[in-house]
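Chain by chain, the residues:
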Amino acid sequence: MSSPQNSPMTPGIAAGRLPQETLADNFADLHAPFAPHEAAVAADRCYFCHDAPCVTACPTDIDIPLFIRQISTGTPEAAAKTIFDSNILGGMCARVCPTEDLCEQACVREIAEGKPVEIGRLQRHATDTLMARQSHPYQRAPETGKKVAVVGAGPAGLACAHRLAMHGHDVTIYDAADKPGGLNEFGIAAYKSTDNFAAAEVNWLLGIGGITIKTGMRLGDNLSLDDLTGCFQAVFLSVGLGGVNALHSEGEDKSGVRDAVEFIAELRQASDLATLPVGRDVVVIGGGMTAVDAAVQSKLLGAQNVTIAYRRGRDAMSASTFEQDLAASKGVRLMFNLQPTAIYGDGAAGEIELEYTSDDGGGLKGTGETIRLPADQVFKAIGQTLETTGDLDLEGRKIAVTGAGRTSRKGVWAGGDCASGGDDLTVTAVAEGRDAAMDIHATLSA
Amino acid sequence: MADLTTEFLGIKSPNPFWLASAPPTDKEYNVRRAFEAGWGGVVWKTLGAEGPPVVNVNGPRYGAIYGADRRLLGLNNIELITDRPLEVNLEEITRVKADYPDRAMIVSIMVPCEEQAWKDILPRVAATGADGIELNFGCPHGMSERGMGAAVGQVPEYIEMVTRWCKQYYDKPVIVKLTPNITDVRKPAAAAMRGGADAVSLINTINSITSVNLDTMSPEPSIDGKGSHGGYCGPAVKPIAMSMVSEIARSPDTHGLPISGIGGITTWRDAAEFISLGCGNVQVCTAAMTYGFKVVQEMISGLSQWMDEKGYTSVEEVVGRAVPNVTDWQYLNLNYVAKAKISQDDCIKCGRCYAACEDTSHQAIAMSDDRTFTVIDEECVACNLCVDVCPVENCITMEPMAPGTIDPRTGKTVEKEYANWTTHPNNPGAVAAE
């Protein structure tokens, strides 16, 4: 093994804390793909339930019993087709879906035996098989001559664009980043999407034809909704949540304090993980998937101590039990009922002060008791906000939509994290993109 | 996607998957939903003669055999033909056929072995607009005690006689459904052919008792402490059905007689196998009864994918492809030599192959201290038992030996030429090759 220049004990923020081989192991597939025997045994456990609870639990309504049966009869390609019919990003969803909260939680065998059919991994088995063996499996309908703009090339935008293109419409996707994929490309832990899967999936999806992607185009910057509605017959907004919430703590401006999403994106885009700096003592503020992704990956990069500090109790954490257990198994410490009050250090962060909280029903309050933790790096993972809205009505802090993603403005639809309703999940975004596309298609065909 | 459109006896259906005459096809409500789910056709549950309908038992009608994880492998039943009035069935058939003109609608019939009984019912069935009829000469329980069903199917002369009446009084295709509860299925098939049948369908269910309740000493399904043999069906009967189908397909007397295959068809693969053995289409019941009508979707996607992969563009191209390869034992190539091979990468070291071979076969598998299992070529007769008991698919394979190599078991060179028992020196009746 090559010996790295640094170690987990190296003070401050440093790169190369672990040998290359260890890093490669650490960031390998979280759930390795099934070998054929494993897939056969796993598929065999499905009961082919009627009106299956797993399907009801899936935001994209994938016909799970059918695709599993197709796997067990030796036709994983047909299984993949069943999946893609409902969810064109079924490959990514198989990797990132919190299945333990969705299909697998609803599985009758979870209820009967505490051990669900491994739907997520079976889905990956099917989709990987088809994507490896076949080109794009759908045919585009004859061109309609109708033009639709999609803003944001994340899961919602891609799903919407694909469905529209399939129906013969001409789609242009605009994205602010330098490449498409959105959160699939920039916002997911590296060990959930290995081998550049997100980019490969986008390329595969574009095989339908009729979709043009323009990168470096940001709404409110070099792109305006008025121009888009002028040039296109319909516009679908799937801009995500670009803003990051602030801590509002003293010392937040010190170096070493940064947004978790930025760190996650940087890690996903890194070609050499050994060059990626990480703190010795990392504290992540937040309780969602982003917090877990940032914390676990800090640990895997070689941080000595990683702590997630969440202001409420474990029950309120939006990261699933599986994600919490994953963090714990990697050596991340989970601390609850703690909110940051100040970050100390001479220019750079060195220590964080956290105050205990309690909630007696009248809202969360600090108890006055504080603790300090060493922290040369602090990640903020306390939620993201909508950046650009144009003149659209909002619901809470998101674009208000009714029906299949209709906004307050005629001809403008929205879906994914930027739109009201639904959980902020890849699979929910896909469902919203797909359904908005069908509504746009119906409107344009009327 | 390959086109699965099938024309059987001139009856078109969007796919070769028909629901067999059975409880799933007993009424309009079910049949409509079956068609909506994608079934290509149905054989309506057997109609009886005009008059008070038959009655069924009011206790359990089904018994089952399970595999691991309570997977239903075999089902038996003591249900009789339809217990609803003839007129109601005829009206429903008429309505459903009118609404689904693209689906096959066959009506199963069972009336007494009297010409008048058939003469009476056939025009009424014809009036429904159904595409054809199937003669139920197979039902092995209840009705057979009254001289119908299998009682007819077991007497070739009756089959021929009734089939002839049907051809005389009905002008659309007549399918004769055969019982497997006989010794040689070729005889009833030939009788049907002589009577003018357009096709045969097989197999109907097999006489069976699925279990005995050891507390009450009653066979199951038990009706007030007593049981009667029922008709066995489901995946367990598939091998029996395929053998019977192949016998009819390759017998010179019946070769070319269209066959509708029935017996444990559960997946696209089962269907493809029946079709390859000479069936123009297949009928399904137990799979639908176990998993619901939706199960046909896997059959459709799977058969279509397989046909695409093999380059078949119609079901017709597949029909009978395996028939030339069904032969008698005496014609099997005795110069073909294979050896079992265990993939150490795939082996999970359960030792089932070892137990099977060591205890019950040829002591041809060695087991090391670290549980590595290897084949002893000097002992292996390639019986395949290890393959059959191995829980991992393709972990143990049968590898043919190349001609010219020496079989370590016999010390003889593997011959390239085909040679069978008819010319083997050990055969007292061997004929010298000329």
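Since the structure is predicted, the reported quantities are computational estimates derived from the model, not experimental observations.

Procedures and definitions
- Throughout this description, residue numbers start from 1 for each chain and increase along the sequence as written.
- The lettering of chains begins at A and the numbering of ligands begins at 1, in the order of writing.
- Per-residue local features of the predicted model are confined to residues with pLDDT of at least 70, and side-chain atom pairs are confined, for both listing and counting, to 80 or more; whole-chain, interface and lining totals are unaffected and use all residues.
- Helix and strand assignments come from DSSP, with helices taken as H or I runs of at least 4 residues and strands as E runs of at least 2, each series counted from the N terminus.
- All radius of gyration figures rest on C-alpha atoms, and the globule criterion is 2.2 Å times the number of residues raised to 0.38.
- Using C-beta atoms placed from the backbone, we call a residue buried if 20 or more other C-beta atoms fall within 10 Å of its own, exposed if 12 or fewer do, and partly exposed for counts in between.
- Any residue pair is listed as a contact if its two C-beta atoms, each placed from the backbone, are within 7 Å.
- Side-chain classes follow a simple rule in which Ala, Val, Leu, Ile, Met, Phe, Trp, Tyr, Cys and Pro form the nonpolar group, Asp, Glu, Lys and Arg form the charged group, and the remainder, Gly included, forms the polar group.
- In this analysis, strands are considered paired if DSSP registers two or more bridges between them.
- Orient the strands so they point away from the viewer, and a crossover whose first-strand-to-second-strand path over the helix runs clockwise is right-handed.
- Confidence scores here are pLDDT values: one per residue, from the predictor, ranging 0 to 100.
- All axes are obtained by fitting lines to C-alpha atoms, using only the stretch in contact for helices, and the reported angles, taken between N-to-C directions, cover 0 to 180 degrees.
- Angle categories: roughly parallel below 35 degrees, roughly antiparallel above 145, roughly perpendicular from 65 to 115, and oblique for all the rest.
- Handedness of each helix crossing follows the sense of rotation of the near helix against the far helix: counterclockwise by less than a right angle gives left-handed, clockwise gives right-handed.
- Think of the arc as the fan of directions from the helix axis to the C-beta atoms.
- By this rule, a helix spans an expected 1.5 Å times one less than how many residues it contains.
- Throughout this description, the term nonpolar core refers to a group of buried Ala, Val, Leu, Ile, Met, Phe, Trp, Tyr and Cys residues whose C-beta atoms join them within 7 Å.

A. Main features of the overall build of chain B. Secondary structure summary: chain B contains 13 helices and 22 strands in total. Taking 2.2 N^0.38 as the reference for a compact globule, 434 residues should give roughly 22 Å; the C-alpha atoms of chain B span a radius of gyration of 25 Å, in line with that estimate. Each principal axis of the C-alpha atoms in chain B carries an extent, and together these give about 75 × 60 × 45 Å. Expressed as a percentage of the 434 residues in chain B, the buried residues total 45%. By sequence separation, contacts in chain B at least 24 residues apart represent 70% of the contacts at least 6 residues apart.

B. Fine view of the overall build of chain A. Helix and strand content of chain A: 17 helices and 19 strands. Its C-alpha radius of gyration of 23 Å places chain A within 12% of the 22 Å reference for a compact globule of 446 residues. The dimensions of chain A, computed from C-alpha atoms along their principal axes, are 65 × 55 × 50 Å. Taken across its 446 residues, chain A has 49% of its residues classed as buried.

C. Representation of the interface of chain B and chain A within the structure. Facing 13 residues of chain B, the contacting portion of chain A comprises 12 residues. Among the elements that take part in the side of chain B that touches chain A, helix H10 (residues 296-310) of chain B stands out by supplying 5 residues, more than any other. Here the residues of the side of chain B that touches chain A sort into 3 nonpolar, 6 polar and 4 charged.

D. Region of the structure containing the pairing of strand E16 (residues 279-284) of chain B. All names here are of chain B. Counting buried residues in E16 gives 6 out of 6 residues, a clear majority hidden from the surface. The pairing of strand E3 (residues 17-19) with E16 spans 3 bridges and is classified as parallel. Note on E16: the bridge partner recorded for Leu19 is Val284. Pairing analysis gives 4 bridges linking strand E15 (residues 259-262) to E16, with the strands arranged parallel. For Gly261, the partnering residue across the bridge sits in E16 and is Val282. Handedness of the crossover joining E15 and E16 through helix H8 (residues 268-276): right-handed.

E. Inspection of the confidence of the model for chain B at higher detail. Here chain B shows a mean pLDDT of 96. Residues at 70 or above account for 99%. This complex was scored by the predictor with a pTM of 0.94 and an ipTM of 0.93.

F. Geometry of unusual backbone geometry. Residues and elements named next belong to chain B. For the bond running from Leu202 to Ile203, omega is 10°, close enough to zero to count as cis. Structurally, Ile203 is set in the loop between strand E10 (199-202) and strand E11 (206-208). Following Glu220, the chain continues to Pro221 via a peptide bond in cis, the omega torsion being -5°. Inspection of the secondary structure puts Pro221 in the loop between strand E13 (218-220) and strand E14 (230-233).

G. Quick look at the sheet that holds E10(B). All names here are of chain B. Strand order in this closed barrel of 8 strands is E3-E4-E7-E8-E9-E10-E15-E16, and the pairing throughout is parallel. The mean inter-strand angle of the sheet, taken between neighbouring strand axes irrespective of direction, is 25°. With 4 bridges connecting them, strand E7 (residues 104-109) and strand E8 (residues 132-136) associate as parallel partners. Bridge pairing in E8 links Val107 to Ile133. Across the sheet, helix H5 (residues 156-169) is in contact with E8 and strand E9 (174-177); its angle to E9 comes to roughly 160°.

H. Seen up close, the packing of helix H14 (residues 260-269) of chain A against helix H15 (residues 289-301) of chain A. Residue and element names in this part refer to chain A. Closest axis-to-axis distance for the H14/H15 pair is 9 Å, and the angle between their directions is 55°. Judged by the inter-axis angle, H14 sits oblique to H15. In the crossing of H14 with H15, the sense of the turn from one axis to the other is left-handed. Between H14, through Ala260, Val261, Phe263, Ile264 and Leu267, and H15, the contact on the second element is made entirely by Thr290, Ala291, Asp293, Ala294 and Gln297. Taken together, the residues that form the contact of H14 with H15 break down as 7 nonpolar, 2 polar and 1 charged.

I. H14(A), seen in detail. Every buried residue of H14(A) is listed here: Ala260(A), Val261(A), Phe263(A), Ile264(A), Leu267(A) and Arg268(A). An end-on view of H14(A) places all buried positions within 160° of arc, on one side of the element.

J. Region of interest: the packing of helix H2 (residues 36-44) of chain A against helix H4 (residues 64-72) of chain A. Residue and element names in this part refer to chain A. Running from N to C, H2 and H4 point in directions that differ by 135°, and their axes come no closer than 9 Å. Considering their axes alone, H2 and H4 lie oblique with respect to each other. Where H2 crosses over H4, the handedness of that crossing is left-handed. Across the interface between the two elements, Ala39, Ala40, Ala43 and Asp44 of H2 pack against Ile68, Ile71 and Ser72 of H4.

K. Geometry of the pairing of strand E4 (residues 41-47) of chain B. All names here are of chain B. For E4, a buried count of 7 out of 7 residues is recorded, marking the element as mostly surrounded by other parts of the structure. With respect to chirality, the unit in which E3 leads through helix H1 (residues 28-37) into the neighbouring parallel E4 is right-handed. Of the strand pairs in this sheet, E4 and E7 are connected by 5 bridges, and their pairing is parallel. In the strand pairing of E7, Gly41 is matched with Ala104.

L. Here's a closer look at the sheet that holds strand E6 (residues 72-77) of chain B. All names here are of chain B. A sheet is described by the order of its strands in space; here 4 strands give the open sequence E5-E6-E14-E11, paired in antiparallel fashion. Edge positions in the open sheet fall to strand E5 (62-66) and E11, since each of these has one partner strand only. Strand-to-strand, the axes of this sheet are offset by a mean angle of 35°, without reference to chain direction. Across 3 bridges, E6 lies against E14 in antiparallel orientation. The residue of E14 that forms the bridge with Leu75 is Cys233.

M. View of H10(B). Taking 1.5 Å per residue, 15 residues should reach 21 Å; H10(B) reaches 21 Å between its end C-alpha atoms and fits that length. By the criterion of burial, H10(B) is predominantly enclosed, with 11 of the 15 residues buried. Regarding H10(B), the residues found buried are Val296(B), Glu298(B), Met299(B), Ile300(B), Ser301(B), Gly302(B), Leu303(B), Ser304(B), Gln305(B), Trp306(B) and Met307(B). Residues of H10(B) that are buried make contact with H4 and helix H5 (76-86) of chain A together with E3, H1 and H8 of chain B.

N. Layout of the nonpolar core. Counting residues in each nonpolar core, the largest one holds 129 residues, and the members touching the most others are Val235(A), Phe236(A), Val284(A) and Ala295(A). Ranked by residues supplied to this core, first place goes to H15(A) with 8 residues. Ignoring sequence-local partners within four residues, the contact set of Phe236(A) consists of Val148(A), Val150(A), Gly157(A), Cys160(A), Trp413(A), Gly415(A), Ala436(A) and Ile440(A). Grouped together as the second largest cluster of nonpolar side chains are 97 residues, Ala130(B), Ala150(B), Ile248(B) and Leu303(B) included.

O. A look at the environment of Gly433(A). All names here are of chain A. With respect to the helices and strands, the residue Gly433 is situated in helix H17 (residues 426-445). On the basis of neighbour count, Gly433 is assigned to the buried category, with 33 C-beta atoms found within 10 Å. In this structure, the C-alpha to C-alpha distance between Gly433 and Cys160, residues 273 residues apart in sequence, is 4.2 Å. Aside from chain neighbours lying at most four places away, what touches Gly433 is Pro155, Ala156, Gly157, Leu158, Ala159, Cys160, Ser238, Gly415 and Gly416.

P. Spotlight on the environment of Ala270(A). Residue and element names in this part refer to chain A. Residue placement: Ala270 occurs in the loop between H14 and strand E8 (278-279). Residues Ala270 and Ser238, 32 residues apart in the sequence, show an inter-C-alpha distance of 25 Å. Sequence-distant contacts of Ala270, that is, excluding residues within four places in its chain, are made with Thr275 and Leu276.

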